[in-house]
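Here is how the chains run, residue by residue.
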Amino acid sequence: MKAISRSIWQRHSAQRGSATVRIHVRSLAQLFNSLDPSPFWDRDLDRGAAEFIEEEFSEKLSAHTWHLHVHTIEGAELAADLQPAIEHYYDRLAASTRLKLRENLRAGELGLLAGLSIFLLSMSAREVLAGLLHGVPRILDEGLIILAWLALWRPTEALAYEWVPLYRRRRLYERLAGIRVTVHSDAAPSGIVGPSPETAHVSAAVRHT
């Protein structure tokens, strides 16, 4: 098990409209996937660390510029890998989400065309039956109406609402790919293994196996 402890969001930024998140780790290697199954040349981020970064910055969408300050005791030699790793990791997620969004909208459009066809067929069937039977049984008439509107409901919902979470996620990933990363090498306090007592009350942990 590894643990990544972080301090609360710091509002002391030199630029208005910027937000800063600070992460404290014992080793910078904790931010990278130790198994690294990525087929790409760049280092892959640890999923637990990525989820933490996403959660923190998703609360700071109003800020124009995002800064990530990483304080580490060990592994500072990996600092040059962190900025491109974050850029490439979130670029890939943004591209994947963009594809899902297009597929979702495409499926919604096709579903809407199918729904409109069923709607028109149902309404036409009511007219035809009304002419043939000189009065359609109530249960059949209402059944055709329900079928017609149900055929439109699902694709309409997909086009009107379901694309929104994907769009927001894509925008978040695109912004995360542009985070400005700064790595600070901190000396380990004497006799202290984990986070210092002074910061323990404002720290949380992101764990993974």
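This structure is a prediction, so every number in the text was calculated from the model and none was measured.

Undergrad: Describe the pairing of strand β2 (residues 18-27), listing the residues and the values that go with them.
TA: Along β2, seven of the 10 residues are buried, which leaves the element largely enclosed by surrounding structure. With nine bridges connecting them, β2 and strand β3 (residues 65-74) associate as parallel partners. Bridged to Ala-19 within β3 is Trp-66.

Undergrad: Describe the side chain of Asp-46, with residues and values.
TA: You can see Asp-46 is positioned in the loop between β2 and α1 (47-57). Within the structure, Asp-46 has its side chain in polar contact with the backbone nitrogen of Gly-48 (distance 3.0 Å).

Undergrad: Tell me what's going on with the environment of Ala-158, and back it up with residues and numbers.
TA: Checked against the element boundaries, Ala-158 lands in helix α3 (residues 138-176). Owing to a relative accessible area of 8%, Ala-158 belongs among the buried residues under this scheme. Placed 54 residues apart in sequence, Ala-158 and Asn-104 show a C-alpha to C-alpha distance of 7.6 Å. Aside from chain neighbours lying at most four places away, what touches Ala-158 is Asn-104, Gly-108 and Trp-163.

Undergrad: Run through the pairing of β3, naming residues and quoting values.
TA: Burial analysis of β3 places eight of its 10 residues in the buried class, which makes it a mostly covered element. With six bridges joining them, β3 and strand β4 (residues 180-185) adopt parallel strand pairing. The residue of β4 that forms the bridge with Val-70 is Val-183.

Undergrad: Describe in detail the nonpolar core, supporting the description with residues and values.
TA: Counting residues in each nonpolar core, the largest one holds 30 residues, and the members touching the most others are Ile-53, Leu-68, Leu-82, Tyr-90 and Leu-176. When contributions to this core are tallied by element, the ones reaching two or more residues are β2, α1, β3, α2 (79-133) and α3. With six residues, α2 is the single largest residue contributor to this core. Apart from the residues within four sequence positions on either side, Leu-82 is in contact with Leu-28, Leu-31, Phe-32, Leu-45, Val-70, Val-181 and Val-183.

Undergrad: Can you tell me about α1, naming the residues and giving the values?
TA: With eight of 11 residues buried, α1 lies mostly within the body of the structure. For α1, the complete set of buried residues consists of Gly-48, Ala-49, Ala-50, Phe-52, Ile-53, Glu-54, Glu-56 and Phe-57. Two or three places before Gly-48, at the opening of α1, Asp-46 has a side-chain oxygen 3.0 Å from that residue's backbone nitrogen.

Undergrad: An account of the packing of α2 against α3 is requested, with residue identities and associated values reported.
TA: Axis angle and axis distance: for two packed helices, these are the angle between their axes and the distance between the axes, and together they describe the pair. At their nearest, the axes of α2 and α3 sit 8 Å apart, and the two run at 165° to each other. The angle between the axes of α2 and α3 places the two elements in the roughly antiparallel class. In this structure, α2 crosses over α3, and the sense of that crossing is left-handed. In terms of residue class, the contact of α2 with α3 is built from 29 nonpolar, seven polar and nine charged.

Undergrad: For the environment of Glu-162, give the residues involved together with the corresponding values.
TA: Looking at the secondary structure, you find Glu-162 in helix α3. Sequence separation between Glu-162 and Leu-105 is 57 residues, and the spatial gap between their C-alpha atoms is 8.9 Å. Excluding residues within four positions of it along the chain, Glu-162 makes contact with Asn-104, Arg-154 and Glu-157. Here the side chain of Glu-162 touches Arg-154 through a polar contact of 2.9 Å, side chain to side chain.

Undergrad: Which residues make up the confidence of the model for the chain, and what values do they have?
TA: Averaged over all residues, the pLDDT of the chain equals 78, while 78% of them reach at least 70. Across the chain, the element-wise mean pLDDT spans from 33 in helix α4 (residues 197-200) up to 92 in β3. The model gives residues 5-15 a pLDDT under 50, and that stretch makes 27 contacts with residues more than four places away or in other chains. When the criterion is pLDDT under 50, residues 190-209 qualifies, and its contacts beyond four places in sequence or with other chains add up to 27 contacts.

Parameters and conventions
- Residues numbered from 1 in each chain as written.
- Predicted model: local features only at pLDDT ≥ 70, side-chain atom pairs only at ≥ 80, totals over all residues.
- Heavy atoms only, no water.
- Buried < 20%, exposed > 50% of the residue type's maximum accessible area, 1.4 Å probe, protein only.
- Helix = DSSP H or I, 4+ residues; strand = E, 2+ residues; numbered from the N terminus.
- Pairing = 2+ DSSP bridges.
- Polar contact = N/O pair within 3.5 Å; in protein donor to acceptor, adjacent residues only side chain to side chain.
- Contact = heavy atoms within 4.5 Å.
- Core = buried A, V, L, I, M, F, W, Y, C linked by side-chain atoms within 4.5 Å.
- Axes fitted to C-alpha atoms, helices over the stretch in contact; angles between N-to-C directions.
- Parallel < 35°, antiparallel > 145°, perpendicular 65-115°, else oblique.
- Left-handed = near helix turned anticlockwise from the far one by under 90°.
- Nonpolar A, V, L, I, M, F, W, Y, C, P; charged D, E, K, R; others polar.
- pLDDT = per-residue confidence, 0-100.

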